[in-house]
Amino acid sequence: MKSQARVVVIGGGAVGCSALYHLARLGWTDVVLLERDELTAGSTWHAAGNCPNFSTSWGILKLQRYSTTLYGRLAREVGYDINYHVTGSIRLAHTADRVDEFRHVASQARAQHLDVELLSPSQIKARHPFLELDGIRLGLWDPGDGDIDPAQLTQALAKGARDLGASIHRHTRVTAIRELPAGGWRVETPAGSIDTEYVINAAGYRGGEVAAMIGEYLPMVTLSHQYLITDDIPALVARGSARLPLVRDPDVSYYLRQERHGLLLGPYESHARARWLESLPGDFAHQLFGDDLGRIETYIEAACARVPLLASAGVKRVINGPIPYAPDGNPLMGPAAGARNFFHCCAFTFGIAQAGGAGRVMAEWVVNGEPDWDVWPLDCRRYLQSVNRTYVLAKALETYQREYGVCYPQEERPAGRPEKTSPLYDHLRSHGAVFGARGGWERAVYYAGPDDPAGPERSFRRPHWHRAVERECAAVANGVAVLDLPGSGKFEIAGAGAAAWLDHLLAGRLPREGRTALSLCCSPRGGIVSEMTVSRLPDGRFWLMCAAAGERHDEHWLHSHLSQRHGPVSIANVTARYGSLVVAGPRSRELLATVTAADLSNAAFPWLAVRTIRIADAAVLAMRVNYVGELGWELHVPGEHLPAVHDRLVTAGRAFALAYFGLYAMESLRLEKCYRSWKADLTSEYTPFMASLERFVRLDKEADFIGREALRRQAAAGPKERFVPLLVDARDADAAAVSIVYRGTEVVGLVTSGGYGYRLNRSIALAYVRTDLSAPGTQLEVEILGERCRAVVAREPLYDPGNLRLRA
């Protein structure tokens, strides 16, 4: 084994071998894979091998579509036979909500050139003659679905990598990983050590063990998943080589497919079981857990009723093996937040279906510094450092049990909560707050009134809580209302070199002292990495604020680009030290004037200004900026003073009919102002020019900021897509994210945010459309749950276009 390599991949399952193969395909052949046992050991060898394209996530759908496309040609490319059966699949819908979900997914799948269809019961029967169809409304047909032999897939990827020059060492367990003083890593094994520039942790359910070697905790847990294989069934033997399509019955929660001349049944049961909560056994590699069919008995009965052929067969084998789960069921990929050139690529629940795309993404991340696709739903930095084992276990079990649950546009799943709460949590709950978790923080999403139906409603249509949201929007628009916003990421940048360093990171100009500005961080390709509110404070200090979910991502971005070449710079994460209150509405100045002696007039405190004021004996950093488009202030309060400041506002607010509002109202209000949302409307796949944010870019500024050359090229050529607001003639459902925009039969755009605007009484979609169709007045259509709805490109902002209310 050589002592040096450019990249070391740890883990020889399908994902690790795919990462190695794609690195070699990009020309990096000085790469080594280390596997503690045989290739496929762990979860790969016993996987069912299903290869769906289906996903409710645009990015994951893209990832899985790449996998299935790759698998279709891989055997020819590398010269290694693979049993890959593209049988197509049918997903069954029992309920109206499931039908809505299928219609939404079918639309986005077609936009990615997948020939999916919605099938009537008679069409389902024509494709699968053994299915009973009682209670079935329709089916979703994906002709590209099927199953692959996981071991053969892994060996084919390994052969392809070796043929390109990569090295693989089996039975080579990693015992330690040490960061080298000069940069890079030393990976130690019983066979010797390898010094390397990059490490990719693709160790599957052992990914947490590998992360612990560099002092990092990965939020993942191992669960057991069972499936059974039947004896040969004469009716299938009689069909010869013709194979049945794979069936998924998500409303019951199982998959069923043909395996040779028998059937393979795998449920996601409601009594999920976790394993190895304290530590993993050192010798577990090709073993299985004992059979536990009692756990899935009701699912077997349901499947037998749906496909009576199953009931006629005996059970030949039961597979009960370990499967890794992150809290949301998505893998953990990307740069480790606390370590340079160390990447994670593990915790794959659907590792076979996602291995091809994951290998491509990881290779691009390492070689190019960023992947072609924005994969934020998979980014390991989406979990903050506060995540603990109790939370991870609770959420992983919930996710497994709801693996086939309908994926609603707004759903606040309860397991593991509350994880982090504001000091105002109990008070807000007593006033009707219904909470959701954002970045682990409990935030009120709306406030239920005494006459509102109890409990949150989940639907693709407008749920009952829209009435509460309408009330809250009216309070913001006509009076004054307050929002508790805990957990927003806050960083204080200080030092003599702070201004020059930030000027290098940000695409726009820095604000003057006492002012605040929206700022964009771009990648070298010009894509939007982050959106921050930057405030310039006295003494050369800056405050940077970001989304709660982006705290770890943005902190890692800042530290990874930290340089002292302009002078000393320090970064302090002050998120936990401050709470935030948003006070907004045309009477907000009147209210605040009763609780502070500060001059809040336009002359003394204009729009986009930042000042320190005093409320209830606390020094409060007040910013005249908000996300709702009304006169208002953000108040950033030291955590120990937050209850007192809040109480003072509420007491004074009685004279102004002060109301509370939540995140759903804020979402409605920001749509009307066309304010972008990070990782919804702003991703690394879009540049500021595509996002119609060129006013926040200064190509002519002196500092050579990251991404400037790429943006210069795009400015000269013009972007192919532009961000626009659409006014939609919708019925009882608004355009959800990833709704498709059409002109005639042609796909011309993608909705990134949508909802109802109560100040305008209109359904709104924010979308990227082809540049030649971006002019106001252009007539388009948006597909909402299978129905084409008329949409007109409008001019932004839709509400208060002169920003007169903000400046009042």
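Residues numbered from 1 in each chain as written. Predicted model: local features only at pLDDT ≥ 70, side-chain atom pairs only at ≥ 80, totals over all residues. Heavy atoms only, no water.

## A few points about the environment of Pro-725
Position of Pro-725 relative to the elements: it lies in strand 33 (residues 721-728). Expressed as a C-alpha distance, the spacing of Pro-725 and Leu-70, which sit 655 residues apart in the sequence, is 36 Å. What Pro-725 contacts, discounting residues up to four positions off in sequence, is Cys-674, Ala-765, Leu-766, Val-792, Val-793, Ala-794, Arg-795, Glu-796 and Leu-798. (Helix = DSSP H or I, 4+ residues; strand = E, 2+ residues; numbered from the N terminus. Contact = heavy atoms within 4.5 Å.)

## Comments concerning the nonpolar core
Val-7, Leu-74, Ile-200 and Met-333 are the most contacted members of the largest nonpolar core, which totals 48 residues. Going through the elements one at a time, strand 1 (4-10), helix 1 (14-25), strand 2 (31-34), helix 2 (58-78), helix 5 (150-163), strand 11 (192-201), strand 19 (342-346) and helix 10 (351-368) are the ones with two or more residues in this core. A total of eight residues in this core trace back to one element, the largest contributor, which is helix 10. If sequence neighbours within four positions are ignored, Met-333 has contacts with His-344, Cys-345, Phe-348, Ala-358, Val-361, Met-362, Trp-365, Leu-378, Asp-379 and Cys-380. If you look at the next biggest cluster of nonpolar residues, it comprises 32 residues, including Tyr-425, Ile-613, Val-620 and Phe-656. (Core = buried A, V, L, I, M, F, W, Y, C linked by side-chain atoms within 4.5 Å. Buried < 20%, exposed > 50% of the residue type's maximum accessible area, 1.4 Å probe, protein only.)

## Brief notes about the pairing of strand 23 (residues 489-494)
In terms of residue burial, strand 23 counts as a mostly covered element, since five of its six residues are buried. Alignment of strand 23 against strand 26 (residues 542-546), held across five bridges, turns out to be antiparallel. Considered in strand 26, the bridge of Ile-493 is made with Phe-542. By the bridge criterion, four bridges tie strand 23 to strand 27 (residues 570-573) in an arrangement that is antiparallel. Looking at the pairing, Ile-493 lines up with Ile-571 of strand 27. (Pairing = 2+ DSSP bridges.)

## A closer look at the packing of aromatic side chains
Across all of its chains, the model carries 28 aromatic pairs by this definition. Relative to Phe-342, the ring of Trp-185 has its centre 5.3 Å away and its plane inclined at 70°; by these criteria the two rings are edge-to-face. Pair noted here: Trp-185 is in strand 10 (residues 185-189) and Phe-342 is in strand 19, with a separation of 157 residues, a long-range link. Under the relative-accessibility criterion, Trp-185 is labelled buried at 3%. When the ring of Tyr-268 is compared with that of Phe-350, the centres are 6.4 Å apart and the planes differ by 55°; the resulting orientation is tilted. Of this pair, Tyr-268 sits in the loop between strand 15 (262-267) and strand 16 (274-275) while Phe-350 sits in the loop between strand 19 and helix 10, and the two are 82 residues apart along the sequence. Overall, the relative accessible area of 4% leaves Tyr-268 in the buried class. The partly exposed category is assigned to Phe-350, whose relative accessible area is 26%. In textbook terms, an aromatic cluster arises when at least three aromatic residues are bridged by ring pairs, as seen for Tyr-255, Tyr-268, Tyr-325, Phe-350, Tyr-400 and Tyr-404. Its guanidinium or amino end placed over the ring of Trp-141, Arg-127 lies 4.7 Å from that ring's centre, counting from NZ or CZ. (Phe/Tyr/Trp six-rings, centres within 6.5 Å; stacked < 30°, edge-to-face > 60°. Lys NZ or Arg CZ within 6 Å of the ring centre and 35° of its normal.)

## A short note on the sheet that holds strand 26
Across the sheet, five strands lie side by side as 24-25-26-23-27; this open sheet has antiparallel pairing. Each edge of the open sheet is held by one strand with a lone partner, namely strand 24 (516-522) and strand 27. Adjacent strand axes in the sheet meet at a mean angle of 30°, parallel and antiparallel pairs treated alike. (Axes fitted to C-alpha atoms, helices over the stretch in contact; angles between N-to-C directions.)

Take it as geometry only, folks, not as evidence of what the structure does.
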